[in-house]
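Commentary on secondary and tertiary structure
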Amino acid sequence: MRVAIGCDHGGIVLKSAVLETLQEYGAEVEDFGTYSEASVDYPDYALKVAEAVASGKFDCGVIMCGTGIGISIAANKVKGIRAAVCTNTFMGEMTKRHNNANIIALGGRVITPDEAKAIVKAWLTAEYEGGRHQNRLDKISQIEDKYFK
Ligand code: RB5
C-alpha cells in the first residue's frame, strides 16, 4: 500500500505518530511536507497529496492541519478525492466502511498524537462495504461530473 502524507504547520505535531502507524502496517509512505513549524499555506499541501492519490500513484493519503478542516476542504476540490475529517476512531472506521474515504484529515490542535494513531488504524483496517454506499458514491461522482470541468 502506498500512502501520501502532507500537513501544514498546524498539523505537523501529528506527523511522526501518523508515520509510525503507517509503517506498522507496512505502508510505503511519501511525505509531501511541510517539514518544519514555519507557517505555510495548507492548500499547497492538500493539493500535493490529493493529486498524488487522484493520479493513482498512491492508494490513499493522510493530511493534517490545525483542525483538519481547511486542508480537507482544499483536497476535496480535486476530482476523485473523498477527504474526511476524523476526530475519533468511529469516524475513522465509518468513513472507510461507508464513504470509502481515500484521504483522512486530522487536526493537530484538536486531537493528540495517540488519538491520531488510533484513528489512522481504524481507517486502515476497516473495509469499504459497497452495496447501497456505492450508489451514494456514484451520486457524488455525478456531482463532480456536473461541476468539475
Ligand atoms: C493555520 O493557522 C490554520 O488555519 C490551519 O492549520 C487549519 O487549521 C485550517 O483549517
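Here is a short report on the structure shown in this document. (Residues numbered from 1 in each chain as written. Predicted model: local features only at pLDDT ≥ 70, side-chain atom pairs only at ≥ 80, totals over all residues. Heavy atoms only, no water.)

A tally of helices and strands in the protein yields 6 helices and 5 strands. Order of helices (α) and strands (β) in the protein, N terminus to C terminus: β-α-β-α-β-α-β-α-β-α-α. A globule of 149 residues ought to have a C-alpha radius of gyration of about 15 Å, and the protein, at 14 Å, matches this closely. When the backbone C-alpha atoms are referred to their principal axes, the protein occupies close to 40 × 30 × 25 Å. Scored against the burial criterion, the 149 residues of the protein give a buried share of 46%. Partitioning the intrachain contacts of the protein with sequence separation of at least 6 by distance along the chain shows that 71% fall at a separation of at least 24. A total accessible area of about 7500 Å² is found for the protein, and carbon and sulfur atoms account for 50% of it. Side chains of the protein carry 17 positive and 19 negative charges; the gap between the two charge centres is 8 Å. (Helix = DSSP H or I, 4+ residues; strand = E, 2+ residues; numbered from the N terminus. Rg over C-alpha atoms; globule rule 2.2 N^0.38 Å. Buried < 20%, exposed > 50% of the residue type's maximum accessible area, 1.4 Å probe, protein only. Contact = heavy atoms within 4.5 Å. Areas by Shrake-Rupley, 256 points an atom, 1.4 Å probe, with all protein chains shown as cover. Lys, Arg positive; Asp, Glu negative; His and termini not counted. Charge placed at Lys NZ, Arg CZ, Asp CG, Glu CD.)

So, on to the pairing of strand 3 (residues 60-65). A large share of strand 3 lies buried, amounting to 6 of its 6 residues. Of the two faces of strand 3, the one carrying Cys60, Val62 and Met64 and the one carrying Gly61, Ile63 and Cys65 are both buried. When strand 1 (residues 2-7) meets strand 3, the two strands line up parallel, connected through 5 bridges. Opposite alanine 4, over in strand 3, you have glycine 61 as the bridge partner. Judged from the 5 bridges that link them, strand 3 and strand 5 (residues 103-107) form a sheet pairing that is parallel. (Pairing = 2+ DSSP bridges.)

The subject of this paragraph is the side chain of lysine 15. Looking at where lysine 15 falls in the secondary structure, it is placed in helix 1 (residues 15-24). The class of lysine 15 is buried, set by a relative accessible area of 7%. Non-local contacts of lysine 15, meaning those with residues more than four positions away in its chain, are made with Ile5, Cys7, Asp31, Gly33, Thr34, Tyr35 and Met64.

Looking now at the packing of helix 4 (residues 89-97) against helix 5 (residues 113-125). Packing of helix 4 against helix 5 leaves a shortest axis separation of 7 Å and a crossing angle of 25 degrees. The orientation of helix 4 relative to helix 5 falls into the category roughly parallel. Seen along the crossing, helix 4 lies across helix 5 with a hand that is right-handed. Of the residues in helix 5, those touching helix 4 at Thr89, Gly92, Glu93, Thr95 and Lys96 are Ala118, Ile119, Ala122, Trp123 and Leu124. Each residue belonging to the contact of helix 4 with helix 5 can be placed in one class, and the counts come to 5 nonpolar, 3 polar and 2 charged. (Axes fitted to C-alpha atoms, helices over the stretch in contact; angles between N-to-C directions. Parallel < 35°, antiparallel > 145°, perpendicular 65-115°, else oblique. Left-handed = near helix turned anticlockwise from the far one by under 90°. Nonpolar A, V, L, I, M, F, W, Y, C, P; charged D, E, K, R; others polar.)

One open sheet holds the 5 strands; their spatial order is 2-1-3-5-4, and the pairing between them is parallel. One side of each edge strand has no neighbouring strand; the edge strands of this open sheet are strand 2 (28-31) and strand 4 (83-85). The mean inter-strand angle of the sheet, taken between neighbouring strand axes irrespective of direction, is 20 degrees. On top of the sheet, helix 1 reaches strand 1, strand 2, strand 3 and strand 5; it is set at about 175 degrees to strand 1, its chief contact. Against the sheet, helix 2 (residues 42-54) engages strand 1, strand 3 and strand 5, with an angle of about 170 degrees to strand 1.

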